[in-house]
Amino acid sequence: MGVQTVEAIQTRLLLLCRGPVDWTQASDGDPPLAAAGALDAELTAGALPHFDVIVASPQRASQETAEAIAAQRRVAMDLRDGLDEIRSATTVSDAAGYIGWLDDLFTAHAPLGAGESLADGADRLTAALRAIGDRYYGRATLV
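Residues numbered from 1 in each chain as written. Predicted model: local features only at pLDDT ≥ 70, side-chain atom pairs only at ≥ 80, totals over all residues. Heavy atoms only, no water.

K.L.:
Quick question: what am I supposed to make of the overall build of the protein here?
P.N.:
Counting its regular elements, the protein contains 4 helices and 4 strands. Moving toward the C terminus, one meets the helices and strands of the protein in the order β-α-β-α-β-α-α-β. If you line up the protein on its principal axes, its C-alpha atoms span 70 × 35 × 20 Å. For the protein, buried positions account for 33% of its 143 residues. Here the contacts in the protein between residues at least 6 apart in sequence split such that 66% fall between residues at least 24 apart. When the accessible surface of the protein is split by element, carbon and sulfur atoms take 53% of a total near 8800 Å². For the protein, the centre of its 11 positive side-chain charges and the centre of its 20 negative side-chain charges are spaced 9 Å apart. (Helix = DSSP H or I, 4+ residues; strand = E, 2+ residues; numbered from the N terminus. Buried < 20%, exposed > 50% of the residue type's maximum accessible area, 1.4 Å probe, protein only. Contact = heavy atoms within 4.5 Å. Areas by Shrake-Rupley, 256 points an atom, 1.4 Å probe, with all protein chains shown as cover. Lys, Arg positive; Asp, Glu negative; His and termini not counted. Charge placed at Lys NZ, Arg CZ, Asp CG, Glu CD.)

K.L.:
Please clarify how unusual backbone geometry should be interpreted in this entry.
P.N.:
For residues that are not glycine, phi is negative in most cases, and the peptide bond is trans in most cases. Of note in the backbone geometry, Arg74 takes a positive phi value of approximately 55 degrees without being a glycine. Position of Arg74 relative to the elements: it lies in the loop between helix H2 (60-73) and strand S3 (76-79). Among the residues examined, Arg74 registers a relative accessible area of 75% and is labelled exposed.

K.L.:
Is there a simple way to explain the nonpolar core in this structure?
P.N.:
Proteins that are soluble and globular tend to have nonpolar side chains buried together. If you look at the biggest cluster of nonpolar residues, it comprises 13 residues, and the most contacted ones within it are Leu48, Phe51, Ile54, Ile69, Val75 and Leu142. Counting residues per element, this core draws most heavily on H2, which supplies 3 residues. Each residue touching Leu48, except ones within four places of it in the same chain, is listed here: Ile69, Arg73 and Leu142. Counting 9 residues, the second largest nonpolar core, distinct from the first, contains Val21, Trp23, Ala61 and Trp101. (Core = buried A, V, L, I, M, F, W, Y, C linked by side-chain atoms within 4.5 Å.)

K.L.:
Explain the sheet that holds S3 here, please?
P.N.:
Strand pairs in the sheet, formed through backbone hydrogen bonds, run parallel or antiparallel to each other. Strand order across the open sheet formed by 4 strands is S1-S4-S2-S3, with parallel pairing between neighbours. Two strands lie at the open edges of the sheet, namely strand S1 (12-14) and S3, each paired on one side alone. For this sheet, the mean angle separating the axes of adjacent strands, direction not counted, is 25 degrees. In this structure, strand S2 (residues 53-56) lies alongside S3, joined through 4 bridges in parallel fashion. Following the sheet pairing, Val55 is matched in S3 by Asp78. (Pairing = 2+ DSSP bridges. Axes fitted to C-alpha atoms, helices over the stretch in contact; angles between N-to-C directions.)

K.L.:
Sorry, what's going on with the confidence of the model for the protein here?
P.N.:
Low pLDDT marks regions whose predicted coordinates should not be analysed in detail. Looking at the protein as a whole, its pLDDT mean stands at 87, while 90% of the residues score no less than 70. Looking at the elements of the protein, mean pLDDT is at its lowest for helix H3 (residues 95-105), recorded as 74, and at its highest for S2, recorded as 98. (pLDDT = per-residue confidence, 0-100.)

K.L.:
Sorry, what's going on with the environment of Tyr137 here?
P.N.:
With respect to the helices, strands and loops of the structure, Tyr137 is situated in the loop between helix H4 (118-135) and strand S4 (140-142). Excluding anything up to four places from it in sequence, Tyr137 contacts Ile9 and Thr11.

K.L.:
Help me understand the packing of helix H1 (residues 35-47) against H2, please; the structure alone is not making it clear to me.
P.N.:
Each pair of packed helices can be summarised by the angle the axes make with each other and by the distance between the axes. Contact geometry for H1 and H2: axes closest at 9 Å, N-to-C directions at 45 degrees. Taken together, H1 and H2 sit at an angle that is classed as oblique. Here H1 and H2 pass one another in a crossing that is right-handed. For the pair H1 and H2, contact is made by Ala41, Glu42, Ala45 and Gly46 and by Thr65, Ala68, Ile69, Gln72 and Arg73, respectively. (Parallel < 35°, antiparallel > 145°, perpendicular 65-115°, else oblique. Left-handed = near helix turned anticlockwise from the far one by under 90°.)

Right under this line is the structure:
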């Protein structure tokens, strides 16, 4: 009887943040990628390690980043709720509002107004990443 080796199944989640956004086009609080962000996505696509699929937030800039990379790398793309930023009580529609929201977010321990606390957002994101890991078990996934 010989020794039997078992190879572990690896599931890899590669996390990538979208590039800068164009706040002048954010009237609905969902800004598109800025030109620099689109260029970053194109340049980043060639530098990433192997992955089988992209999973992205349906937020406009995240989706645009994923679409640019998916087109260049010729991989499937899946949009999944739960990967968005911490949910605020009000629509943030410009860069100053976003910076103010971030400043408040990281100094607050409770939800901001009717928005989501940092802890609640972290729990939501963790649950989304676990679901992605389960869905794409044994695969390398760019998130």
